[in-house]
Amino acid sequence: MDDTDRQLIALLRDNARLPVVALAKKLRVARATVQNRIARLEADGTIVGYTVRLRPEAEAHRIRAIMSIAIEGHHAEAVRRQLRGHPNVVALHTTNGRWDLMAELRTDTLEMFDSVLTEIRSIEGIASTETSILLSTYKL
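Given the structure is predicted, the values throughout are model-derived calculations rather than measurements.

Where do I start with the pairing of strand 3 (residues 101-107) in this structure?
Regular strands show a simple pattern: their side chains alternate between the two faces of the sheet. For strand 3, the tally of buried residues reaches six of seven residues, placing the bulk of the element in the interior. In textbook terms, the turn of a hairpin is the stretch between consecutive antiparallel strands, and for strand 2 (residues 89-94) and strand 3 this stretch comprises six residues, one of which, Gly 97, has a positive phi near 90 degrees.

Would you mind showing me how to read the packing of helix 2 (residues 20-27) against helix 3 (residues 31-43) here?
Two packed helices can be described by the angle between their axes and the distance between those axes. Orientation of helix 2 relative to helix 3, taken along the N-to-C sense of each, is 105 degrees, at an axis distance of 8 Å. Taken together, helix 2 and helix 3 sit at an angle that is classed as roughly perpendicular. For the pair formed by helix 2 and helix 3, the contact residues are Val 20, Val 21, Leu 23, Ala 24 and Leu 27 on the first element and Arg 31, Val 34, Gln 35 and Ile 38 on the second. Of the residues that constitute the contact of helix 2 with helix 3, the class distribution is seven nonpolar, one polar and one charged.

Help me understand the pattern of salt bridges in this model?
Two side chains carrying opposite charge are able to pair once their charged atoms lie near each other. The final tally for this structure, using the stated rule, is eight salt bridges. Between Arg 37 and Asp 2 there is a salt bridge, and its shortest N-O distance comes to 2.9 Å. Residue Arg 37 is located in helix 3, and its partner Asp 2 is located in the segment before helix 1 (3-14); the two are separated by 35 residues in the primary sequence. Here Glu 130 and Arg 98 are joined by a salt bridge, their closest N and O atoms 3.9 Å apart. Taken together, the residues Glu 130 in strand 4 (residues 126-133) and Arg 98 in the loop between strand 2 and strand 3 connect sequence positions 32 residues apart. Using a relative accessible area of 62% as the deciding quantity, one classes Arg 98 as exposed. Here the salt bridges do not stand alone but share partners, grouping Asp 2, Asp 5, Arg 37 and Arg 40 into one network.

What's the story with the sheet that holds strand 4 in this structure? I'm lost.
Neighbouring strands of a sheet are bound in pairs by backbone hydrogen bonds; such pairs are parallel or else antiparallel. Judged by pairing direction, the sheet is antiparallel, and its four strands sit side by side in the order 2-3-1-4 without closing on themselves. Of all strands in the sheet, those with a lone pairing partner are strand 2 and strand 4, marking the two edges. With strand direction ignored, the average angle separating the axes of adjacent strands in the sheet is 20 degrees. Direction of pairing for strand 2 relative to strand 3: antiparallel, over a ladder of five bridges. Each bridged residue has a counterpart across the sheet, and for Ala 91 the counterpart in strand 3 is Glu 104. This element, helix 4 (residues 76-84), spans strand 1 (63-71), strand 2, strand 3 and strand 4 of the sheet and lies at about 155 degrees to strand 2. This element, helix 5 (residues 110-121), spans strand 1, strand 2, strand 3 and strand 4 of the sheet and lies at about 160 degrees to strand 4.

About the criteria used
Residues numbered from 1 in each chain as written. Predicted model: local features only at pLDDT ≥ 70, side-chain atom pairs only at ≥ 80, totals over all residues. Heavy atoms only, no water. Buried < 20%, exposed > 50% of the residue type's maximum accessible area, 1.4 Å probe, protein only. Helix = DSSP H or I, 4+ residues; strand = E, 2+ residues; numbered from the N terminus. Pairing = 2+ DSSP bridges. Axes fitted to C-alpha atoms, helices over the stretch in contact; angles between N-to-C directions. Parallel < 35°, antiparallel > 145°, perpendicular 65-115°, else oblique. Contact = heavy atoms within 4.5 Å. Nonpolar A, V, L, I, M, F, W, Y, C, P; charged D, E, K, R; others polar. Salt bridge = Lys/Arg side-chain N within 4 Å of Asp/Glu carboxyl O.

Quick look at the structure:
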């Protein structure tokens, strides 16, 4: 991956719907160059898909939170596997420091949120958690 690829990816992150001609103009390369680079980045698995970003208040899942998770012993893979399959866990990150994992949670109601917290906390291998509800988003 070179600087042009990184610039292309940055442009696509900002607006994946930009036409190839506009991308080529911004990168100062030929249209075919952009098409070939996108095709190569998709083929080699660098670009794995495209998505839509919504205003937080437009999403169905109104309750959003970040859960910090500490894992006991050697249960990390089993815990990650269960959390990856949980429908209310929308992102899962490993980290360093006090917490082993950070999970982004989304639910429709506070009652559902309470239920999700109980479910996750009962997963074998989870030692402790700390959860913060996200109130406002200023940058996606």
